[in-house]
Amino acid sequence: MRIVKFGGTSVGSAYHIKKLVNLIDVNKRTLFVFSAIGGITNMLADFIYQSKLGEKEICQHTFLRIREIHFRVITELFSSKNYKQIAESKVEESLKLLSYYSNHRITEKAEKEILVQGELISCSIIYLYMLEHEMDVAYIPALRFMFTDKYKEPNYLKITEKLTKELSKYNGCKLFITNGYICQNYKRQTDNLNRGGSDYTATIIGNVLRASIIEIWTDIDGLQNNDPRYVENTFPIRNLSYEEASELAYFGAKILHPLCIIPAQRAKIPIALKNTMSPDDQGTTISEYAISKGIKAIAVKDGITAIKVKSARMMQAYGFLRRIFEVFEKFKTPVDMLTTSEISVAMTIDNNAYLEPIITELCNLGEVEIDQNQSIICIVGNFNDNRNISIQSITDGLGNIPVHMISFGASKINISFLIDTTNKIEALNLLNQHIFRHHLCSINIQ
Ligand code: ASP
Ligand code: MG
């Protein structure tokens, strides 16, 4: 079985949906995972926000806009009146919730139900379109098998049992559709796998079914060597190991959900990142074989806060780090980067929700300094056979940009620098030239 996931922009319009259905090979056993139509989940989140503020008119406006986007896709997609009508009534049915909560106090349960309507609608539309094209396809709603436990982790045993049972109902059928992002939590309520979670759906299913491949289709030609939003002349990386891809997914490369690598890695299933707009392009393959050596990519993560705790008590003492980390544990805030000296510890966090109480408690342990608006530049590659890598060969690339923290040595695939966000674009461009100049020259010569 192959798992093939199409995300936001690749299901962004009738044109895109037609294009992707054209790509389907009806002879290969495939389970398709679809996200909501591009932009819809953001609008649903806006709707919830507006509804909480009691902004009835704005809510109504957002609701109508969501309806209109889907209706336009339907009009452009279907040729038969019958399918068009069924699709429209599916949209109306899904959007009843929004219509109701434009005027009523929204509950936590309703919020979760609203957030997943995008995936419910997109799957219904694409399923109907495939039926209109006489494809033999079965729609298995994710709520029937995608269960999570009380830690919000996939419940693999239950997913395997339920999904296998669902699939066995359709003997002989080769094509299946399901919703990305949607799950049922341990309280048996509708829930989701967090924003961008359709990738995670695809790899969880891939793991459970021991798929031969997991394809993730987007609108970009694979993972790029640098952030195309800030750097010109980026190029796709052809091969990445699971570890390298996880680092990149976490550090800014928005194309993949950060957790989605784990299920594929555990079952050693390759992930292929492909581009719907140019399907013949090679894209990026993520697998256990990291073929080339050296530096592969640079990524950036913004919104970082650096926290430094200084205390003479730390000198020659043990247990000090534990006490610091207990504070972060208490406020469920993960630490990303970490450096220590004899009398101080510096670390970074990317979630400031509990910054104030964290500072208050850390002040009991020492003098605390905070730096906000920081960015982590992360250089990812396969440094396994490169024990003699000269850190200077990389730091030289940063020119005169002040570096506040460096993390190197914990893993063989990552070197990270903390800098002011104001210097981010310059740093990314300088490093691009410095690290990839040979590659960039060869692109220019071609
Ligand atoms: N539609 C969801 C989101 O926008 C899930 C996904 O696209 O992967 O976050
Ligand atoms: Mg995504």
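Please read these numbers as outputs of a predicted model, since none were measured by experiment.

The rules behind these values
Residues numbered from 1 in each chain as written. Chains lettered and ligands numbered in written order. Predicted model: local features only at pLDDT ≥ 70, side-chain atom pairs only at ≥ 80, totals over all residues. Heavy atoms only, no water. Patch = residues over 30% accessible without salt bridge, like charges linked within 9 Å, V, L, I, M, F, W, Y side chains within 5 Å. Areas by Shrake-Rupley, 256 points an atom, 1.4 Å probe, with all protein chains shown as cover. Salt bridge = Lys/Arg side-chain N within 4 Å of Asp/Glu carboxyl O. Helix = DSSP H or I, 4+ residues; strand = E, 2+ residues; numbered from the N terminus. Buried < 20%, exposed > 50% of the residue type's maximum accessible area, 1.4 Å probe, protein only. Pairing = 2+ DSSP bridges. Axes fitted to C-alpha atoms, helices over the stretch in contact; angles between N-to-C directions. Contact = heavy atoms within 4.5 Å. Phe/Tyr/Trp six-rings, centres within 6.5 Å; stacked < 30°, edge-to-face > 60°. Lys NZ or Arg CZ within 6 Å of the ring centre and 35° of its normal. Near = heavy atom within 4 Å. Polar contact = N/O pair within 3.5 Å; in protein donor to acceptor, adjacent residues only side chain to side chain. Nonpolar A, V, L, I, M, F, W, Y, C, P; charged D, E, K, R; others polar. Parallel < 35°, antiparallel > 145°, perpendicular 65-115°, else oblique. Left-handed = near helix turned anticlockwise from the far one by under 90°.

(A) Looking closely at a nonpolar patch on the surface. Side chains of I391, V403, I406 and F408 sit close together on the surface and give an oily, nonpolar patch of about 290 Å² of accessible area. Looking at where F408 falls in the secondary structure, it is placed in strand 15 (residues 405–408). Accessibility expressed as a relative area gives 41% for F408, which makes it partly exposed.

(B) Representation of the sheet that holds strand 15 within the structure. Across the sheet, 6 strands lie side by side as 12-13-11-14-16-15; this open sheet has antiparallel pairing. One side of each edge strand has no neighbouring strand; the edge strands of this open sheet are strand 12 (338–340) and strand 15. With direction set aside, neighbouring strand axes in the sheet form an average angle of 25°. Relative to strand 14 (residues 367–382), helix 9 (residues 242–250) is tilted by about 140°, and along the sheet it contacts strand 11 (294–310), strand 14 and strand 16 (414–420).

(C) Quick peek at the packing of aromatic side chains. Counting across every chain of the model gives 11 aromatic pairs. On the basis of an interplanar angle of 85° and a centroid distance of 5.6 Å, the ring pair of F235 and F436 is categorised as edge-to-face. With a gap of 201 residues between them, F235 in the loop between strand 7 (213–218) and strand 8 (239–241) and F436 in helix 14 (residues 424–445) connect regions that are remote in the sequence. Judged by relative accessible area, F235 falls into the buried class, the value being 9%. Linked through ring pairs, F6, F32, F34 and W217 together constitute an aromatic cluster. Positioned above the aromatic ring of F71 is the side chain of R67, whose terminal nitrogen or guanidinium carbon lies 4.6 Å from the ring centre. Note that K158 overlies the ring of F147, its terminal NZ or CZ placed 4.3 Å from the centroid.

(D) Structural detail: the site of ligand 1. Around ligand 1 lies a shell formed by S35, A36, T41, E119, Y181, R195, G196, G197 and S198. Within the contact set of ligand 1, a nitrogen atom lies 2.6 Å away from a side-chain nitrogen or oxygen of E119. Isolated, ligand 1 exposes 260 Å² of accessible area, and the fraction of that covered by the protein chains is 86%. Of the residues belonging to the shell around ligand 1, the class tally is 2 nonpolar, 5 polar and 2 charged.

(E) Just the packing of helix 1 (residues 14–22) against helix 6 (residues 117–132), in detail. Look at helix 1 against helix 6: their axes get within 11 Å of each other, and the N-to-C directions meet at 55°. In terms of axis orientation, helix 1 runs oblique to helix 6. Viewed along their axes, helix 1 and helix 6 form a crossing whose handedness is right-handed. Residues I17, K18 and V21 of helix 1 form the contact with helix 6, whose own contacting residues are I126, Y129 and M130.

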